[in-house]
Amino acid sequence: MQERIGIYDVLPGKIRFLVEKERLQEDLLQEIRLRTGQPLILIYRDREVFPMQDGKPYRVQEEDLKETLEYVSNYSLYAYEQEMRQGFITMEGGHRVGMTGQAIMEKGQIKNLKYISSLNIRVSHEKPGCADQVLPYLIRDQSVCHTLLVSPPRCGKTTLLRDLIRQISDGTRLLAGRTVGVVDERSEIGGCYRGVAQNRLGRRTDILDGCPKAEGMMMLIRSMGPEVIAVDEIGKAEDVHAIEYAIHCGCRILATVHGASMEELRQKPLFHQLIRRGCFERYVLLGNQPKAGQVLGIYDERGSLLYREECTC
Amino acid sequence: MLKLAGSILIIGTGILAGMSAADRVRQQYEEMRELQTLLYALRSEILYARACLGEAFLKIGRDAGEPYRGWMMEMSRKMERRQDRMLSVIWKTGVRDALKNSKIQKRDLLRLEELGTQLGDADLEAQIRSLDRYLEELKHSMEEIREGMKIKIRLCQCLGVMGGIFVTILLI
């Protein structure tokens, strides 16, 4: 694998120096927040850290944001026009950089953002083994169940999905390795850089990077013969239709969706239909208390609780 | 006999000097043409492939001749390292260091430096327009050189020969 860029490498020199001075464990750093004229904030172990300069919290300058954006976008903001429309860029390593500023509208739709005033660098972490407790409940009759991972933001859905893909692809003592097709629309699962996944996704995994989910699933089914298809953050009607098509084609599905609870999920019209029809065989509900990735419950298609992670608080 | 040999050598030197000067004129044109080709390739990489600049420089630089190869590869390396430098600084330093001995006219080099301040932005169309504007100006410079090239080459060669004959006569 190519050497991946460290998260600190996209920060301007003086901010990098202040952050490194804090001597934080990089794998516990969750977010770096830059807002013009406001103190620099790091979210570390679910707490805020304010790097200091001359005894005071360092205030982010406009030039700091400009420079960070240059580094994040590989000096090529134009290449990220599609992503900027959605308000974020995914950089090497799968880290998502959210941004706010002034929207440039064209024919009632967001064309781009200008005068970027805030950046939120969400650090992506690989946690090999985080699916160890979960995977056994997702296997039935030597096959992977159609599974939906449900949680609010920042609860570890993508991290868990990544490890599930890896374990299913490589195989475990419970399940022989399977061919997995991943539609990585936002480059967060594989963190692809120049077409090469920076995260470990297993030896039998094919990744479609930067491709819309619905089209991506069709492409994979037609050409790569996946036994399992994995997608992140489904939400649109076409995503759901593509999933139904994939299920009818005999593929097993691993997907994630935003939601605080099963009740909230049932209230969404698209998912209400899916749940009622029993398309998914397993629902994994995640939370972030006491830690991100806390398994609040694994449920079967009837809603019966199969597993809940012990709270070690 | 010695005088004859000396005369031939002096005239020969004059001829070579003239050919060398003529060659420089030709090389200047060739270098500008190569720069034009590279910038068209860059335009294509930006407009159609939406490639990041670092990747584009690496790809284009691999197939380019010197000094452009060194220029583009070095810029690509610096951009990969992200060493506290904005693109405009990397580009400007690159043009000044790698192309300082090139035969491109100074005004075209200054405009090339200026071009770097307009690349990398979110506005794709503005960048393409900046590239097109530079390419247009480069084309005019090349046309000026081409028009005068034949005459200059002949002039250099003639001056070389005449200079050699003149020195020979002086010495004889």
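For the structure itself, consult the block above.
Small disclaimer: the values here were computed from a predicted structure and weren't measured.

What counts and what doesn't
- Residues numbered from 1 in each chain as written.
- Chains lettered and ligands numbered in written order.
- Predicted model: local features only at pLDDT ≥ 70, side-chain atom pairs only at ≥ 80, totals over all residues.
- Heavy atoms only, no water.
- Contact = heavy atoms within 4.5 Å.
- Buried area = accessible area lost by both parts, 1.4 Å probe.
- Salt bridge = Lys/Arg side-chain N within 4 Å of Asp/Glu carboxyl O.
- Polar contact = N/O pair within 3.5 Å; in protein donor to acceptor, adjacent residues only side chain to side chain.
- Helix = DSSP H or I, 4+ residues; strand = E, 2+ residues; numbered from the N terminus.
- Nonpolar A, V, L, I, M, F, W, Y, C, P; charged D, E, K, R; others polar.
- 1 Å grid on protein atoms, 1.4 Å probe; cavity = no way out; pocket = protein on both sides within 12 Å on 5 of 7 lines; lining within 4 Å.
- Points joined across faces, edges and corners; volume = space filled by probe spheres on them.
- Buried < 20%, exposed > 50% of the residue type's maximum accessible area, 1.4 Å probe, protein only.
- Phe/Tyr/Trp six-rings, centres within 6.5 Å; stacked < 30°, edge-to-face > 60°.

S.K.: Is there a simple way to think about the interface of chain A and chain B in this case?
M.R.: Think of interface size as the accessible area that goes away when the parts come together; that is how it is often given. The partner chain B presents 22 residues to the 24 residues of chain A that form the contact. Note on chain A versus chain B: buried area summed over both sides is about 1,900 Å², and carbon and sulfur give 50% of it. Viewed at the interface, chain B and chain A are joined by one salt bridge. In this structure, the salt-bridge partner of A:Glu81 is B:Arg50, at a minimum N-O distance of 3.5 Å. Taken together, chain A and chain B are joined by seven residue pairs in polar contact (both at pLDDT 80 or more). Among the elements that take part in the side of chain A that touches chain B, helix H2 (residues 62-72) of chain A stands out by supplying four residues, more than any other. Of the residues contributing to the side of chain A that touches chain B, the split by class is eleven nonpolar, five polar and eight charged.

S.K.: Which parts of the structure should I look at to understand empty space enclosed by the protein?
M.R.: Vacant regions in the atomic arrangement are exposed by a probe of water-molecule size rolled over the atoms. Residue and element names in this part refer to chain A. A complete count under the given rule lists three cavities of 30 Å³ or more for this structure. Contributing to the lining of the second largest cavity are Val183, Asp184, Glu185, Arg186, Glu188, Ile189, Lys213, Asp232 and Glu233. Here the residues of the lining of the second largest cavity are counted per class, giving two nonpolar, no polar and seven charged.

S.K.: Help me understand the pattern of salt bridges, please; the structure alone is not making it clear to me.
M.R.: Oppositely charged side chains can form a pair if their charged atoms are brought close together. Residue and element names in this part refer to chain A. With the rule as written, the count across this model stands at 29 salt bridges over all chains. Arg277 is the salt-bridge partner of Glu244, the closest N and O atoms lying 1.9 Å from each other. One end of the pair, Glu244, is in helix H6 (residues 237-248); the other, Arg277, is in the loop between helix H8 (269-276) and strand E16 (282-287), and 33 residues separate them in sequence. The class for Glu244 is buried, based on a relative accessible area of 14%. Across the pair Arg302 and Asp300 runs a salt bridge whose closest N-O atoms are separated by 3.6 Å. Owing to a relative accessible area of 69%, Arg302 belongs among the exposed residues under this scheme. Overall, Asp300 belongs to the buried group, its relative accessible area being 6%. One salt-bridge network, held together by shared partners, links Arg140, Arg252, Glu281, Arg282 and Glu301.

S.K.: Even after reading the chapter, I still don't get the packing of aromatic side chains, so can you show me in this structure?
M.R.: Each pair of aromatic rings is reported with the distance of its centres and the angle of its planes. Residue and element names in this part refer to chain B. Overall, the coordinates contain six aromatic pairs over all chains when judged by the stated rule. Consider the rings of Trp71 and Trp91, whose centres lie 5.2 Å apart with planes at 70°: the pair is edge-to-face. Taken together, the residues span a long stretch of sequence, with Trp71 in helix H3 (residues 68-81) and Trp91 in helix H4 (residues 87-98) at a distance of 20 residues. Just as Trp71 is buried, Trp91 falls in that class too. Feature note: the residues Phe57, Tyr68, Trp71 and Trp91 constitute an aromatic cluster, connected by ring pairs.

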